[in-house]
Amino acid sequence: MADRVTVIGWDGSPLTRAATAALSAATLVAGAAHHLALPEVPGDAERIRLGSVDLAARRIAAHRGSAVVLADGDPGFFGVVRTLRAPEHGLEVEVVPGVSSVATAFARAGMPWDDAQIVVAHPRTLRRAVNVCRAHHKVAVLTSPGAGPAELALLLDGVHRTFVICEELGTARERVTVLTSDKAADHVWRDPNVVIVIGGGPETTATGAWIAGRHPAYPRGMRGWALPADAYRAAGAGRMPESGEGESPTLRAAQLARLGPRTGDLVWDIGSGSGALAVEAARFGAAVLAVDADPAACTRTEAAARAFGVPVQVVCGRAPHILETLPEPDVVRIGGGGVPVATAVADRRPERIVTHASTRDEAEALGAALTGTGYTVACSLLQSVDLDTGSWEERERSVVFLLSALRSDLAP
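Please read these numbers as outputs of a predicted model, since none were measured by experiment.

Visitor: I'd like to hear about helix α1 (residues 17–24), residue by residue, with values.
Guide: Structurally, the α-helix is built with 3.6 residues per turn, so residues lying three or four positions apart point the same way. Every buried residue belonging to α1 is among A19, A22 and L23, and all of these are buried. Looking down the long axis of α1, one finds its buried residues gathered within 100 degrees of arc, a one-sided arrangement. Relative to its buried face, α1 has exposed residues pointing more than 90 degrees away, namely R17 and S24. At its buried positions, α1 is contacted by β1 (4–10), β2 (28–31), β4 (66–72) and β5 (93–96).

Visitor: Tell me about the state of the cysteines, and name the residues and values.
Guide: Counted by the stated rule, this structure contains zero disulfides. Left unpaired, C133 is separated from the closest cysteine sulfur, that of C166, by 14 Å.

Visitor: Which residues make up the sheet that holds β4, and what values go with them?
Guide: Ordered in space as β3-β2-β4-β1-β5, the five strands form an open sheet in which the pairing is parallel. This sheet does not close on itself; its edge strands, each paired only once, are β3 (46–49) and β5. Across this sheet, the average inter-strand angle for adjacent strands is 20 degrees, counted without regard to direction. Where β1 meets β5, four bridges bridge the pair, whose relative direction is parallel. Its bridge partner being in β5, I8 is matched across the sheet by V96. Here α1 sits on the sheet in contact with β1, β2, β4 and β5, set at roughly 135 degrees to β1. Helix α3 (residues 53–62) rests against β1, β2, β3 and β4 of the sheet, and its axis sits at about 160 degrees to β3.

Visitor: How would you explain the layout of surface pockets if you had to name every residue and give the values?
Guide: Estimates place the volume of the largest pocket at around 1,200 Å³. The wall of the largest pocket is formed by 41 residues, among which D72, F78, S101, T143 and P192 lie closest to the centre. For the lining of the largest pocket, the leading source of residues is β4, giving three residues. In terms of residue class, the lining of the largest pocket is made up of 18 nonpolar, 17 polar and six charged.

Visitor: Please provide a residue-by-residue account of the packing of aromatic side chains, values included.
Guide: Under the definition given, this model contains three aromatic pairs. Aromatic pair F77 and F78: ring centres 5.1 Å apart, planes at 75 degrees, arrangement edge-to-face. What makes F78 exposed here is its relative accessible area of 54%. Taken together, a centroid distance of 5.9 Å and an interplanar angle of 5 degrees make the contact between F106 and W113 stacked. Its relative accessible area of 1% is what places F106 among the buried residues. Take W113: its relative accessible area is 33%, and that puts it in the partly exposed class. A cation sits over an aromatic face here: R283 above W225, 4.6 Å from the ring centre.

Visitor: I'd like to hear about the environment of A121, residue by residue, with values.
Guide: Here A121 shows up in the loop between β6 (117–120) and α6 (126–135). A residue is classified by how much of its surface remains accessible, and A121, at 0% relative accessible area, is buried. Sequence-wise, A121 and D347 are 226 residues apart; in three dimensions their C-alpha atoms are separated by 27 Å. Those residues in contact with A121 that lie beyond four places of it in its chain are L126, A129, V141, L142, T143, S144 and A147.

Reading the values: the criteria
Residues numbered from 1 in each chain as written. Predicted model: local features only at pLDDT ≥ 70, side-chain atom pairs only at ≥ 80, totals over all residues. Heavy atoms only, no water. Buried < 20%, exposed > 50% of the residue type's maximum accessible area, 1.4 Å probe, protein only. Helix = DSSP H or I, 4+ residues; strand = E, 2+ residues; numbered from the N terminus. Arc of directions from axis to C-beta. Contact = heavy atoms within 4.5 Å. Disulfide = S-S within 2.5 Å. Pairing = 2+ DSSP bridges. Axes fitted to C-alpha atoms, helices over the stretch in contact; angles between N-to-C directions. 1 Å grid on protein atoms, 1.4 Å probe; cavity = no way out; pocket = protein on both sides within 12 Å on 5 of 7 lines; lining within 4 Å. Points joined across faces, edges and corners; volume = space filled by probe spheres on them. Nonpolar A, V, L, I, M, F, W, Y, C, P; charged D, E, K, R; others polar. Phe/Tyr/Trp six-rings, centres within 6.5 Å; stacked < 30°, edge-to-face > 60°. Lys NZ or Arg CZ within 6 Å of the ring centre and 35° of its normal.

Nothing here speaks to function; it is geometry throughout.
Take a look at the structure:
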C-alpha cells in the first residue's frame, strides 16, 4: 500500500504550500491530462491518467511510495475521495481541498447558494436531475457528456427556466452564459460545466436559515399533511370544492403514504380537483404534474400551489388522451376516469399507482385491469367519521375503496 496518499483539489488558482509540498515528494501522480501538465508535477513520478477512479485506486494501493491524486475543485464533494476511501481499496487519504465548482459557479453568477439543490447528471440519472429542476427554485447541476445543458433543456420541454451555464471554470477558456432553457439546445457546450437552473417558485428570502437546501415559504400554521379544505382557504388558495369521496383528507393521507413521493420523482395527479394532493406531493420535494379536464379545477390547483409556495405544472386536458404527451412518471394518483385511464397509466410503467372507487364492483374492475397489466394490487376499505366536538355527534362519514398498485418487478 502507498506510504501516503494526498488528494489535491485544484480550482485554477496557484497551488497552496501544502499541495506543492505533497507533489514535490510524490512518486506517483494521478489526474486528468490538464492536471498532469501542471509544472509542479515531478518529472520522474509515475503518472496515471484518470479514467476509472476504481482502477486508479487499485494502482495506488499497490504502489510503494507517496501518491498524489489531483482533481478539480473540492474532491470531497461528489469527488474522488469517496471512491478512494471505499472499503475495497482501504486507502487513508489526506485532502487539500480547492474551491468546489459549484461554489465557483454561484460566485460567478453573484448569487447565494445555501438554498440550492445540487445534483449530478449522468445519462442514467438525467431524468431524476430534470425532475429536481422542475420541483425546486434553484438547482446546480454537475453535468457529464450526454447529460449536459442541451439534454437538460430538451427534457424540461414546456417548463420555463433560466440557465446560467459555466464552462471550464478556473481555466483560460472559462465562459459563463445566461439564457433561457428553450435556447440551450441550440448551442454546443464544452465539458466540464456546471448549470445553475433558476425558476419554479419564489426564492428564499428569510434570514436565519439553519439548514442548506430549499426552504419553502409554507403559510404560517400549515404544519402537517392531508390538510382540510379550511387550511387551503386560510392559506389564500381560495374557496375549495365541497369534500367528496375523492377529496377527503383521510383518503389523501393514505394515497400519499402509498405513493411515497420524494425528491427526484415526477408525480402525475390525474383529476387534480382541488389541487390538494398535488400541492402536498410537491411539499415532499417531488416534481408534480397535475391534470384535469375542468378549467376551474386547473385554476384551483394553480392557486393552491401559489399559496403554499411550491411549483406544480398544471395541464388542462382530458385523460387518457392527454397523457400521451407527458414525461415519464414515477408514481401516479388517479382521481377519476375508471379503467381506461388506469390502463393508459399502467402502459407508462410507473413504479406505483393509487386510485379509489366508490363501489366494490368498480374496485374489482380497476384491480383486474391493473393486475392484467403487470401490477401487484392491494385494496383497502377506508371509513372515516368526522365528529362535531361540541356535541360529539357525527357530522360527515366517508367510505371508499383505496387501491394501491406496485409494478410486479418491484414487488417483494
